[in-house]
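Chain residues, written in single-letter form:
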Amino acid sequence: MFAGKTILTGVKPTGTPHLGNYLGAIKPAIELGQKAIAQGGKHYMFIADYHAINAEKDPAVLNQKMKEIACIYLAGGLDPKKSYFYRQSDIPEIPEITTILYAYTPKGFMNKAHAYKAAVDKNRAAGKPDDDGINMGLYTYPTLMAADILSYDTDVVPVGKDQVQHVEIARDIAGAINAHYEKELLRLPAYYVDDQVAVVPGIDGRKMSKSYGNVIPLFEDDKAIKKAIFSIKTDSRPMEEPKDPDEILVYEIYKSIATPEQLQEMGDGLRQGRLGYGHIKNMLLDAVINEVSAAREKYNYYMNHYDEVEAMLEEGAARARPAAQAVLKRLKDAVFGR
Ligand code: TRP
């Protein structure tokens, strides 16, 4: 389904990813890009740093988050020679295209965008004025995101459900411009939501999320990973008591990482009263360490040799820019009648 297609993925540099982000978002995004490339398509993968400054005003924090996110994608197997891997802020055509898109974007589109509406709702709930603390960057967020997508003649944007509306807005803006000029100036993007991707539960059973404080860390040492895994909630039933694996949180988390054979082994052991909670936690620990250790080594290498990463990002931007320049020229020629 991705044969010959241009796939574009954007990520915001938000905090240190954990196992849930890694298995649920980062790895699948890298694999999707690899699949597209293998089928003759293109894969653009960029870090949305202009989007990030709407919320993060501390340069040192932002810089640290940028480094982490760049190194995590490289550690996870993104090949910067095959994918176009760049920072949004290194492509000046993106804000230029954004400016043109503004002229064709009904203000109402921004009013109804989820991110803005959620911020307003939060203000109302706190008894504050609607627009308290809301900057224009947040308000116009979907137009910049539309430019990210449209700048590369993107066919498909893999996203989580929360971002579907933003891709639809990009499509609507592109459609309005094409209709006005009666030609296909901009390619209409489609979104792609992968329902197969695992939602990894956290150590308390809720979705794994930094804000819940229930994460299994990704690139910390084995001790930290062990500590998180051994604090996964269990009950006091003895080992010999046969258990339904589907009611056991350790097993649920194991599902997102184990091979079918490994999963079968844990499931049988629980059903037959052969495996206790200590055993299955150790099995999970082994699987997690096995999954992350190679990536962790790469991650640490890149964090300690960040100049190499910086050079990759600059090269990625240089390779990616011509496509955005072509789209900008097409747009300028049309809107200014050149
Ligand atoms: N809005 C996306 C998020 O919050 C990040 C993003 C910015 C993006 N521009 C994009 C995603 C373009 C896909 C395409 O996760």
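Fair warning: this is a prediction, and the values are worked out from it, not measured in the lab.

(A) View of the domain arrangement of the protein. Each domain of the protein was delimited in the assignment, giving domain 1 (6–199 + 306–335) and domain 2 (210–299). Inter-centroid distance (C-alpha atoms) of domain 1 to domain 2 is 34 Å. On the side of domain 2, 13 residues touch domain 1, which itself brings 15 residues to the contact. Each partner contributes to the roughly 1200 Å² buried at the junction of domain 1 and domain 2, and carbon and sulfur atoms together form 70% of this total. Between the two partners, domain 1 and domain 2, sit one salt bridge. Note that E291 and K27 form a salt bridge whose closest N and O atoms lie 2.8 Å from each other. For the pair domain 1 and domain 2, the interface holds two residue pairs in polar contact (both at pLDDT 80 or more). Those elements that provide at least two residues to the side of domain 1 that touches domain 2 are α1 (19–38) and α3 (59–75). By residue number, the principal contributor to the side of domain 1 that touches domain 2 is α3, which donates five residues. Grouping the amino acids of the side of domain 1 that touches domain 2 by side-chain chemistry returns nine nonpolar, four polar and two charged.

(B) Structural view of the pattern of salt bridges. Enumeration according to the criterion identifies 16 salt bridges in this entry. With a shortest N-O distance of 3.5 Å, E56 and K65 are connected by a salt bridge. For D130, the salt bridge goes to R124, with nearest N and O atoms at 2.6 Å. Classification of D130 as partly exposed rests on a relative accessible area of 32%. Through salt bridges with shared partners, a single network forms among R87, D90 and E310.

(C) The arrangement of the packing of helix α12 (residues 260–271) against helix α13 (residues 277–304) in detail. Close contact between α12 and α13 brings their axes to 11 Å; oriented N to C, the two are set at 175°. Taken as axis vectors, α12 and α13 run roughly antiparallel relative to one another. Residues E265, M266 and L270 of α12 touch α13, and the partners they reach there are I280, M283 and L284. For the contact of α12 with α13, a count of residues per class yields five nonpolar, no polar and one charged.

Rules behind the numbers
- Residues numbered from 1 in each chain as written.
- Predicted model: local features only at pLDDT ≥ 70, side-chain atom pairs only at ≥ 80, totals over all residues.
- Heavy atoms only, no water.
- Domains from an automatic or database assignment.
- Contact = heavy atoms within 4.5 Å.
- Buried area = accessible area lost by both parts, 1.4 Å probe.
- Salt bridge = Lys/Arg side-chain N within 4 Å of Asp/Glu carboxyl O.
- Polar contact = N/O pair within 3.5 Å; in protein donor to acceptor, adjacent residues only side chain to side chain.
- Helix = DSSP H or I, 4+ residues; strand = E, 2+ residues; numbered from the N terminus.
- Nonpolar A, V, L, I, M, F, W, Y, C, P; charged D, E, K, R; others polar.
- Buried < 20%, exposed > 50% of the residue type's maximum accessible area, 1.4 Å probe, protein only.
- Axes fitted to C-alpha atoms, helices over the stretch in contact; angles between N-to-C directions.
- Parallel < 35°, antiparallel > 145°, perpendicular 65-115°, else oblique.

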